[in-house]
Amino acid sequence: MRRRVVITGMGAITPLGHSVPALFASQLAGRTAVGPITHFDARSFPTTFASEVRAFDLGAFVPDPRRFDAHGVNTRFALAAAQQALTEAGLLDPNTGDRARMGVYLGSGEGKENFEVMTTATAAAMEPGAATTNVRAATGFMFRHLNGEYEEYQEMYVPSGELATEFVLEGPFASCQTACAASSQAIGEAAEMVRTGEADVMLAGGSHSMITPLGISGFNLLTALSQRNESPQTASRPFDLTRDGFVIGEGAGLIVLEELESAKARGANILAELTGYGSTADAYRMTDPDPQGKGAIRAMADALRDARLNPADIGYINAHGTSTKANDAAETKGIKAVFGDHAYKVPISSSKSMLGHLIAAAGVVELIITITGLRAGAVPPTINLETPDPECDLDYVPKTARDVRFQHALSNSFGFGGQNVALVVSAFRG
Amino acid sequence: MVTSPRRLVLTGFGVLSPIGSTADAFWDALVAGTSGVRTLTLTDCAELPSWIGGEVQGFAPRTLIEKSYRKTLNAMGRTVELGVIGTQLAMQNAGLAKGTVNPQRIGVEFASLMGSTDLNDFAEAAKIASPDGKTVNYEAWGRDGLSKITPLWMLRHLPNMPACHGTILFDMQGPSNTQIPGDPAGLIALAEAARVIRRDAADVMVVGASEGRISPITVCRYNMYMEMSRRNDDPAGAVRPFDRTRDGTVTAEGAAVFTLEALDHARARGATVLAEVVGYASGVDRGCKGPGLARVIRGALAAAGITPADVDHVNAHGTGTTTGDAFEARGIAEVFGRDTPVFAPLSRFGNLGAASALIELACTVLALKYGAVPGTLNHTDPDPACPVAVHTGAPRPVAKPYAVKVSYTTMGQCAAVVVRRWE
């Protein structure tokens, strides 16, 4: 008999609110957080808008916020989301439980590079008329102008390390970066660590921001972002015929995964059960999903098999739904291949229509929305879905939220580079 | 604690390193006591305090990459190139040509970090945005600068790209993940790959790591916040693990890639086994005090079902940093005392970061295979603050069947893996 894994706490910092209730209320109301980029001057970039976290105050979540002044927002968002999740789970007090049996698995991105110093260093070390820089001089310039403390905190092990340090989670750790699949993969693999008995509790999820000059530049160069600059709030339009790319967001989500008997023994409030996980690779292309959804199909089918469920048992699908041409068509094909006739009956929605794409943090925040919907008997809409795409002909819950009672739900996350993850969550029954 | 009928073995190995870029050359250099630490050439670091490190000599991805994939090299930064070629070498060594395993039953676990951009990737854009080299005009960058940068720029540096290219090149459709928690990342990847095979989600996992971090930004950053050796005039003597005169580490690049395979699968196809993976554990030692690391090592021994007396040697991270070595030695000593020899292979080639744990593990895997443990370089004046018995000098015979590999980050994230000699 394998160990069962339940969810006993959730927390989120998102463009649509700095708590799970605020996030879910915004989702049900169909509100969007997309607007002009304010983190830097992006007015001349091909894309000038994003879904930003506003008015974030770390001091509301940790006792010593100044300690994290030089950290990246990935660490700062993660700390706040973790504090919420551990508080809800009743595990915030470090004297609670065996902390060596509690670990961290974070899907997180790179820290933020110091764009201004890199750019001025490179330019200052160029001879007039040269196309390349003098590396010796540029490196020396950076050494004199960068802030060492800030740079150290941008290391990729720091966000997960700070969670373990701040909240005294001394058990197993991991941290992955599989682009847009990262936090879902973190949750699936963390659940496996609980199933195998390596840990009893895993704080799992993701944190990310790429709303930086180099992040927006990189995605713009790949022409992956929507360029609907005249109408940012309608730019994220998953499954709509006129979609033209994704809208970048930022934020963090963390959930507490706990072994069932451990949760019962301490009388924890069980929010849902994590019943299924599937993980595959497309082995197709660097940037494009397999057009037939081959890897996505196997991830969904594996997650259902892992949950010991049939397709018809699934009452809601939270789609990856990025609003790119390729993803939404391939995902729709994949859902049809796995669910057959049921594909046309099951409500499907894309949280990204309102939230934007939180990249490494997308999967966990969408799973949190799914679990909240499972408990509330409601599913958020896909907003901006106005012009049907003949290739996307399923029920995407257009425009307005819907009351739906369901016992089991599937959440998809597909990463740039071909990593596909599907998670199944179920209403908890003894 | 983790019990499963599925035994796990390492069957293939590929390496690109400062002391050799074939498995044989790598082993020969280990036996000979060669150092791969030299003056850095990939980046001119003359204006930095430390300008020595380990570089892969004569790395020629264009001649090494599968012909059909050569044009994709323009989408690969150095970290990605090293990882992809390393994967090719491991698959060749394992006898796993594309199509010899059901694609759905083979996956990949890589360890890598964000590869820092080469400054010249955007030199022209930088000049446009900052004609005076003092301030940045974002408007000019967005309007005129962006078009001077290759469209594939970001793909050259994303951490998951070595794994991604590996899946495409070898049609690996099983789970694919990339671990990023610093120096122990390779051991975390190995543990996760073991978990994947044990839950029967794959029969074979490529477990690899690569770092191409001798780039201007990276070496500059490390010089700011890592303790880097200033022994620029004596590169080979610079990294002095657990030695009283140690003054820091040096950075290095390379790749180490294994194939991890279910024993039943390896046997069925007649594969040569390098070593068995029998236990692993990870955990956090807050404040890098020592007992947390000891707890992790004991966890790995318990998972393997062995005691410290069964262990031939401990393969330490041994970076040559003042506080790092003392911390690591305290943790190891708490479990092993001075009874078990400690081997710190990083003294030979420098710190490969996310690729460090697997290339260091490789030294032990080869030691078990050949029955001899190479010595640690530059440990001549034992530091009382590091109460472990460091193995130095000529290779010593392997006397016991098990070895333990340890790694950690400066935030106290520790991992340990136990491997067993294959007989």
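Residues numbered from 1 in each chain as written. Chains lettered and ligands numbered in written order. Predicted model: local features only at pLDDT ≥ 70, side-chain atom pairs only at ≥ 80, totals over all residues. Heavy atoms only, no water.

## Remarks on the overall build of chain A
Then, in step 1: Helix and strand counts for chain A stand at 13 helices and 14 strands.
Then, in step 2: A compact globule built from 430 residues should have a C-alpha radius of gyration of about 22 Å, and chain A, at 21 Å, falls within 12% of that.
Then, in step 3: Projected onto the principal axes, the alpha-carbon positions of chain A cover approximately 70 × 55 × 40 Å.
Then, in step 4: Among the 430 residues that make up chain A, the fraction classed as buried is 69%.
Then, in step 5: When the accessible surface of chain A is split by element, carbon and sulfur atoms take 51% of a total near 13,000 Å². (Helix = DSSP H or I, 4+ residues; strand = E, 2+ residues; numbered from the N terminus. Rg over C-alpha atoms; globule rule 2.2 N^0.38 Å. Buried < 20%, exposed > 50% of the residue type's maximum accessible area, 1.4 Å probe, protein only. Areas by Shrake-Rupley, 256 points an atom, 1.4 Å probe, with all protein chains shown as cover.)

## So, the interface of chain A and chain B
Then, in step 1: Each side of the interface is counted separately: chain A has 92 residues, and chain B has 86 residues.
Then, in step 2: When chain A packs against chain B, the two sides together hide about 7,600 Å² of surface, and 66% of this comes from carbon and sulfur.
Then, in step 3: Taken together, the connections running from chain A to chain B amount to seven salt bridges.
Then, in step 4: Ionic pairing is found between Asp44 of chain B and Arg136 of chain A, a salt bridge with its closest N-O pair at 2.9 Å.
Then, in step 5: Remark: the boundary between chain A and chain B carries 31 residue pairs in polar contact (both at pLDDT 80 or more).
Then, in step 6: For the side of chain A that touches chain B, the element with the highest residue contribution is helix α4 (residues 135–145) of chain A, accounting for 10 residues.
Then, in step 7: For the side of chain A that touches chain B, the per-class residue count stands at 42 nonpolar, 31 polar and 19 charged. (Contact = heavy atoms within 4.5 Å. Buried area = accessible area lost by both parts, 1.4 Å probe. Salt bridge = Lys/Arg side-chain N within 4 Å of Asp/Glu carboxyl O. Polar contact = N/O pair within 3.5 Å; in protein donor to acceptor, adjacent residues only side chain to side chain. Nonpolar A, V, L, I, M, F, W, Y, C, P; charged D, E, K, R; others polar.)

## Notes on helix α10 (residues 291–304) of chain B
Residues and elements named next belong to chain B.
Then, in step 1: With 14 residues, α10 extends 20 Å between its outermost C-alpha atoms, agreeing within 8% with the 20 Å of an ideal straight helix rising 1.5 Å per residue.
Then, in step 2: By the criterion of burial, α10 is predominantly enclosed, with 10 of the 14 residues buried.
Then, in step 3: For α10, every residue scored as buried is listed here: Gly292, Leu293, Ala294, Val296, Ile297, Gly299, Ala300, Leu301, Ala303 and Ala304.
Then, in step 4: Summarising the contacts, the buried residues of α10 are in contact with β9 (275–284), β10 (311–315), α11 (322–336), β15 (402–408) and β16 (413–421).
Then, in step 5: Gly305 sits one or two residues past α10 and shows a positive phi near 70°. (Expected span 1.5 Å × (residues − 1).)

## Some remarks on the packing of aromatic side chains
Then, in step 1: Counted according to the given criterion, the structure contains 17 aromatic pairs over all chains.
Then, in step 2: Centre to centre, the rings of Phe219 of chain A and Phe416 of chain A are 6.3 Å apart; their planes meet at 75°, and the pair counts as edge-to-face. Taken together, the residues span a long stretch of sequence, with Phe219 of chain A in helix α8 (residues 213–221) and Phe416 of chain A in the loop between β13 (408–415) and β14 (419–426) at a distance of 197 residues.
Then, in step 3: Aromatic side chains Trp27 of chain B and Tyr370 of chain B sit 4.8 Å apart centroid to centroid with 20° between the ring planes, which places their arrangement in the stacked category. Taken together, the residues Trp27 of chain B in helix α1 (residues 23–32) and Tyr370 of chain B in helix α13 (residues 356–370) connect sequence positions 343 residues apart.
Then, in step 4: Given the relative accessible area of 9%, Trp27 of chain B is considered buried.
Then, in step 5: Judged by relative accessible area, Tyr370 of chain B falls into the partly exposed class, the value being 39%.
Then, in step 6: Site record: aromatic cluster; members linked through ring pairs are Phe40, Phe45 and Phe115 of chain A together with Phe122, Tyr138 and Trp141 of chain B. (Phe/Tyr/Trp six-rings, centres within 6.5 Å; stacked < 30°, edge-to-face > 60°.)

## Regarding the domain arrangement of chain B
Then, in step 1: Taken domain by domain, chain B consists of domain 1 (8–118 + 152–268), domain 2 (121–148) and domain 3 (279–421).
Then, in step 2: One C-alpha centre belongs to domain 2 of chain B, the other to domain 3 of chain B; they are set 47 Å apart. (Domains from an automatic or database assignment.)

## Focus: the pattern of salt bridges
Oppositely charged side chains are able to pair whenever their charged atoms sit close together.
Then, in step 1: Under the counting rule described, the total for this entry stands at 53 salt bridges over all chains.
Then, in step 2: In this structure, Lys405 of chain B and Glu360 of chain B form a salt bridge, with 2.8 Å as the shortest nitrogen-oxygen distance. One end of the pair, Lys405 of chain B, is in strand β15; the other, Glu360 of chain B, is in helix α13, with 45 residues separating them in the sequence.
Then, in step 3: Judged by relative accessible area, which is 1%, Lys405 of chain B ranks as buried.
Then, in step 4: Taking the relative accessible area as the measure of exposure, Glu360 of chain B reaches 0% and is therefore buried.
Then, in step 5: A single salt-bridge network, built from bridges that share partners, covers Arg2, Glu189, Glu192, Arg195 and Asp306 of chain A together with Arg199 of chain B.

## Some words on the sheet that holds strand β2 (residues 37–39) of chain B
Residues and elements named next belong to chain B.
Then, in step 1: What the three strands build is an open sheet, ordered β2-β3-β7; its pairing is mixed. The open sheet is flanked by β2 and β7 (251–252), the only strands paired with a single partner.
Then, in step 2: When strand β3 (residues 52–54) meets β7, the two strands line up parallel, connected through two bridges. Bridging from a neighbouring strand, Gly54 pairs with Ala252 of β7. (Pairing = 2+ DSSP bridges.)

## Describing the state of the cysteines
Simply put, disulfide is the name for a covalent bond between the sulfur atoms of two cysteines.
Then, in step 1: Per the counting criterion, the structure on display carries zero disulfides over all chains.
Then, in step 2: There is no disulfide at Cys164 of chain B, and the cysteine sulfur nearest it, in Cys180 of chain A, is 12 Å away.
Then, in step 3: No disulfide involves Cys363 of chain B; its sulfur sits 20 Å from that of Cys386 of chain B, the nearest cysteine.
Then, in step 4: A relative accessible area of 0% means that Cys363 of chain B is categorised as buried. (Disulfide = S-S within 2.5 Å.)

## Overview of the domain arrangement of chain A
All names here are of chain A.
Then, in step 1: When its domains are assigned, chain A resolves into domain 1 (5–112 + 154–426) and domain 2 (115–153).
Then, in step 2: Its C-alpha centre places domain 1 at a distance of 36 Å from the equivalent point of domain 2.
Then, in step 3: At the interface, 11 residues of domain 1 touch seven residues of domain 2.
Then, in step 4: Three residues, Ala70, Gln154 and Leu214, lead the burial of domain 1 against domain 2; their summed loss comes to 51% of the area buried on that side.

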